[in-house]
Amino acid sequence: MRLVVAMTGATGAALGVRLLEALGRLGVETHLILSDWARATIKMETDTSVEEVRALASHAYSARDLAAGISSGSFRTDGMVVCPCSMKTLAAIRIGFSDNLITRAADVTLKERRRLVLVAREAPLSEIHLDNMHYLARAGAVIFPPMVAYYTRPASVDEVTNQVVGRVIDQLGIEHNLIQRWKDDQPPVRVNGHRHLPEPEGWMVSN
């Protein structure tokens, strides 16, 4: 499987980093695009260097590289994820303003009828944000705000990150066992009077 993964300057760089780590473990070929502000956010929010993030991908590009193969519809992919996706990038994708490789690759993904997942990171949402999201949803994009799944009783930011990334991967139709799924025959257990779900299989939470 071959996917385009883009990271913008919206807060939530850890989500993009964890997504690349997970896709790599699943054997997915990834084509990473980093915006200039994504680089800045990675440095601000994580302990991972930009060079280390680039190394997680099969191929990496600057957002300024509009000559890259992924800018063409003839370059076959199975979809694209923008994680995290800023409201600026979302607005540019909505109007087809392909002024960089991220927005161009997203435009290509939509026109070729491939899966486009936008991990939109903003709160609260204005009417403009909501209108842009509604338009893109009707155009075929998946709008995926990184919501916390409280039923898993997350004990750390890492656990929240893992759950969000697992659900994003679900949207791409990739089989995995990175998260705890709700099951009728596997109710949460009680620990000290609180409800807890069993630990997910196949994923180690980093310290």
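Structural data are supplied above this passage.
Residues numbered from 1 in each chain as written. Predicted model: local features only at pLDDT ≥ 70, side-chain atom pairs only at ≥ 80, totals over all residues. Heavy atoms only, no water.

How would you summarise helix α6 (residues 127-139) if you had to cite specific residues and measurements?
Between the first and last C-alpha of α6 there are 18 Å, a value that for 13 residues agrees with the 18 Å anticipated at 1.5 Å per step. Residues of α6 that are buried: His129, Asn132, Met133 and Leu136. Axial view of α6: buried residues confined to an arc of 100°, hence all on one face. Opposite its buried face, α6 presents the exposed residues Glu127 and Arg138, each directed more than 90 degrees away. As for α6, its buried residues are in contact with α4 (87-95), α5 (101-111), β5 (116-120) and β6 (142-143). One or two positions beyond α6, positive phi appears at Gly140, with a value near 115°. (Helix = DSSP H or I, 4+ residues; strand = E, 2+ residues; numbered from the N terminus. Expected span 1.5 Å × (residues − 1). Buried < 20%, exposed > 50% of the residue type's maximum accessible area, 1.4 Å probe, protein only. Arc of directions from axis to C-beta. Contact = heavy atoms within 4.5 Å.)

Please provide a residue-by-residue account of the pairing of strand β1 (residues 2-7), values included.
Taking burial as the measure, the six residues of β1 include five buried ones, the bulk of the element. Examined bridge by bridge, β1 and strand β2 (residues 29-34) share six bridges and lie parallel to one another. Counted as the bridge partner of Val5 is Leu32 from β2. Here β1 pairs with strand β4 (residues 80-85) via three bridges, running parallel. In the strand pairing of β4, Val4 is matched with Met80. (Pairing = 2+ DSSP bridges.)

Which residues make up the packing of helix α1 (residues 13-25) against helix α7 (residues 157-171), and what values go with them?
Relative to each other, α1 and α7 sit at 60°, their axes nearing to 9 Å. The angle between α1 and α7 falls in the class oblique. Of the two possible hands of crossing, α1 and α7 adopt the one that is right-handed. Contacts from Ala14, Leu15, Arg18, Leu19, Ala22 and Leu23 in α1 reach Asp158, Thr161, Asn162, Val164, Val165, Val168 and Ile169 in α7. (Axes fitted to C-alpha atoms, helices over the stretch in contact; angles between N-to-C directions. Parallel < 35°, antiparallel > 145°, perpendicular 65-115°, else oblique. Left-handed = near helix turned anticlockwise from the far one by under 90°.)

Could you give an account of the environment of Ser72, naming the residues involved and the relevant values?
Within the element layout of this structure, Ser72 appears in the loop between β3 (59-62) and β4. Under the relative-accessibility criterion, Ser72 is labelled partly exposed at 28%. Sequence separation between Ser72 and Asp107 is 35 residues, and the spatial gap between their C-alpha atoms is 9.7 Å. Here Ser74 takes part through its side chain, which lies 2.8 Å from a polar atom of the side chain of Ser72. (Polar contact = N/O pair within 3.5 Å; in protein donor to acceptor, adjacent residues only side chain to side chain.)

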